[in-house]
Amino acid sequence: MQGGLALLAGLALVLALTHNPLVRQTEDSVEKVAASAVIVYASLRAINAALSTAQEVAVGGSLGVQANLQPFKVLEPVDDTVERVADVVFAVAIGAAVVAVGLAPVAALGAWLLATGLLVSALSTLWPDAPARLRRLAWPATRLGGAVSLALPLVVTLGLELGERMTTGPAEEARAVLNSVAEKAGLLIGRDSGLPDMAGGADPAEGFFGRLAAMGDAVQDYAEAAGVFLNEADALFKAMLTLIGVFVLQSLVLPILLFWGGWVLLKRGTS
C-alpha cells in the first residue's frame, strides 16, 4: 500500500516538474479555438469598419440651401450589433489565450498538491502517531490536486473536441455567411469612398433640375446597395449568434458539465 502511494507520488512529482502531456493536448485545442475566434473577429471588424465608413457617405446639393443626405444611416442598427458581437468574440479569444498560457502552471501546481497528498498518505500509514489534522488533509489535497492536474486538462480537451464535432455543420454555415457579408461590405465601400457634392460636380448648364436629378440618381444607387445589407441582416444576425453559441458551448458549457459530472461521480464513489 505504502509502496503504491509512494510510486503515485513520484509520478505526480514528474508531472509537476515536466510538461504534462494532457496539458499539451489541451493547449493545442484551446489555441485552435483562439485562432478561430480571431478569424471571426477580424471578419466582424471588417464588416463593422465598412458599414461605419458607409454611414459617413454624404450626398450634398445646393438647392438654394446646402442639403446633405446620408442614405447609409439606415445601417446603423446592423453596424452597432456587429460591433457588440465582435467585442464578445474578442473576449472569447482573450479567454482562450489566457487558458492556453495559464493552464500549464496551474496544472503543475495541482501536480505538486497531488504529490504532497499522496506522500502524506503514504507516510501516515508508516507513522501512526502523525497528527490527525495532517492525515485528514491528505485525501482532500490528493483529490483537489488530481482534479486540477489531470481532470481539468482532460475535460477541457474533451469538451473542445466534442463541441467541435457537434457543431461542425452550423459553424461552417455561419462562417460562410459571415465571409459572404464581409465580402459585400468590402465592395460597398470599394465603390466609392464618398459621393461628390452635387453643387460642385454637376455641370452648371444643367441648372436646378439637372443637379436635382444627379443627386437623386446617386441617392438611389447607394440606397440600393444599402438595401442589400438590410436584406442580409437576418442571416448575419443568425450567423453571429450561431458562432457565439458554438464558442460558448465548446469553451465553457461542455467542459464545465464534464468537470462537474466527474467531480460528482468521484465524490459519490469515495463517500
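Please read all numbers here as calculations on a predicted model, not as lab measurements.

1. Here we look at the overall build of the protein
Part 1 of the reasoning: On a plain count of helices and strands, the protein comes out with 7 helices and 2 strands.
Part 2 of the reasoning: Secondary structure elements in the protein, listed N-terminal to C-terminal, are α-α-β-β-α-α-α-α-α.
Part 3 of the reasoning: The burial tally for the protein puts 35% of its 271 residues in the buried class.
Part 4 of the reasoning: When contacts within the protein are restricted to residue pairs at least 6 apart in sequence, long-range pairs at least 24 apart make up 85% of them.

2. What to know about a nonpolar patch on the surface
Part 1 of the reasoning: On the surface, Leu22, Leu150, Leu154, Leu158 and Leu258 cluster together into a nonpolar patch covering about 360 Å² of accessible area.
Part 2 of the reasoning: The leading source of residues in the nonpolar patch is helix α4 (residues 132-166), at 3 residues.
Part 3 of the reasoning: In this structure, leucine 258 sits in helix α7 (residues 207-270).

3. Remarks on the nonpolar core
It is characteristic of soluble globular proteins that their nonpolar side chains tend to be buried jointly.
Part 1 of the reasoning: The biggest cluster of nonpolar side chains holds 34 residues, and the ones touching the most others in it are Leu44, Ile47, Val89, Leu178, Leu236 and Phe247.
Part 2 of the reasoning: Every element with two or more residues in this core is listed here: α2 (21-55), α3 (76-126), α4, α5 (168-190) and α7.
Part 3 of the reasoning: Once you skip the residues sitting within four places of it in the chain, isoleucine 47 turns out to touch Val82, Leu178, Val181, Ala182, Ala185 and Leu236.
Part 4 of the reasoning: Judged by nonpolar contacts, the second largest core, of 5 residues, contains Ala9, Leu114, Ala115 and Leu118.

4. Quick word on the pattern of salt bridges
Part 1 of the reasoning: A full pass over the atoms with the stated rule returns 1 salt bridge.
Part 2 of the reasoning: The shortest N-O distance in the salt bridge between glutamate 164 and lysine 32 comes to 3.4 Å. Separated by 132 residues along the polypeptide, glutamate 164 in helix α4 and lysine 32 in helix α2 bring together distant segments of the chain.
Part 3 of the reasoning: Residue glutamate 164 is classed as partly exposed on the basis of its relative accessible area, which comes to 33%.

5. What about the environment of valine 148?
Part 1 of the reasoning: Inspection of the secondary structure puts valine 148 in helix α4.
Part 2 of the reasoning: On the basis of relative accessibility, which here comes to 21%, the residue valine 148 falls in the partly exposed class.
Part 3 of the reasoning: Taking the C-alpha atoms as reference points, valine 148 and leucine 109, 39 residues apart in sequence, are found 8.2 Å from one another.
Part 4 of the reasoning: In contact with valine 148, not counting residues within four places along its chain, are Val106, Ala107, Gly110 and Pro153.

6. Let's talk about the environment of phenylalanine 90
Part 1 of the reasoning: By the secondary structure assignment, phenylalanine 90 is in helix α3.
Part 2 of the reasoning: The exposure class of phenylalanine 90 is partly exposed, given its relative accessible area of 40%.
Part 3 of the reasoning: Between the alpha carbons of phenylalanine 90 and valine 38 there is a distance of 7.0 Å; along the sequence they are 52 residues apart.

7. Points about the side chain of threonine 167
Part 1 of the reasoning: Position of threonine 167 among the secondary structure elements: in the loop between α4 and α5.
Part 2 of the reasoning: Only 2.6 Å separates the side chain of threonine 167 from the backbone oxygen of glycine 163, close enough to count as a polar contact.
Part 3 of the reasoning: When neighbours within four sequence positions are excluded, threonine 167 is seen to be in contact with Val246 and Leu249.

8. Side note on the side chain of serine 149
Part 1 of the reasoning: When you line up the elements, serine 149 lands in helix α4.
Part 2 of the reasoning: In this structure the side chain of serine 149 is engaged in a polar contact, spanning 2.7 Å, whose partner is the backbone oxygen of glycine 145.
Part 3 of the reasoning: Among all residues touching serine 149, those that are not within four sequence positions of it are Asn20, Ala107, Gly110, Ala111 and Leu114.

9. Considerations on the confidence of the model for the protein
Part 1 of the reasoning: In the predicted model, the protein carries a mean pLDDT of 76, and 70% of its residues have values of at least 70.
Part 2 of the reasoning: Ignoring residues within four places in sequence, the model shows residues 192-209, a span with pLDDT below 50, making 25 contacts including any to other chains.

10. Observations concerning the environment of alanine 37
Part 1 of the reasoning: The topology assignment puts alanine 37 in helix α2.
Part 2 of the reasoning: C-alpha separation for the pair alanine 37 and valine 88, spaced 51 residues apart in sequence, amounts to 9.8 Å.
Part 3 of the reasoning: For alanine 37, the residues in contact, after removing those within four places along its chain, are Val89, Val92, Ala93 and Phe247.

The rules behind each value
Residues numbered from 1 in each chain as written. Predicted model: local features only at pLDDT ≥ 70, side-chain atom pairs only at ≥ 80, totals over all residues. Heavy atoms only, no water. Helix = DSSP H or I, 4+ residues; strand = E, 2+ residues; numbered from the N terminus. Buried < 20%, exposed > 50% of the residue type's maximum accessible area, 1.4 Å probe, protein only. Contact = heavy atoms within 4.5 Å. Patch = residues over 30% accessible without salt bridge, like charges linked within 9 Å, V, L, I, M, F, W, Y side chains within 5 Å. Areas by Shrake-Rupley, 256 points an atom, 1.4 Å probe, with all protein chains shown as cover. Salt bridge = Lys/Arg side-chain N within 4 Å of Asp/Glu carboxyl O. Core = buried A, V, L, I, M, F, W, Y, C linked by side-chain atoms within 4.5 Å. Polar contact = N/O pair within 3.5 Å; in protein donor to acceptor, adjacent residues only side chain to side chain. pLDDT = per-residue confidence, 0-100.

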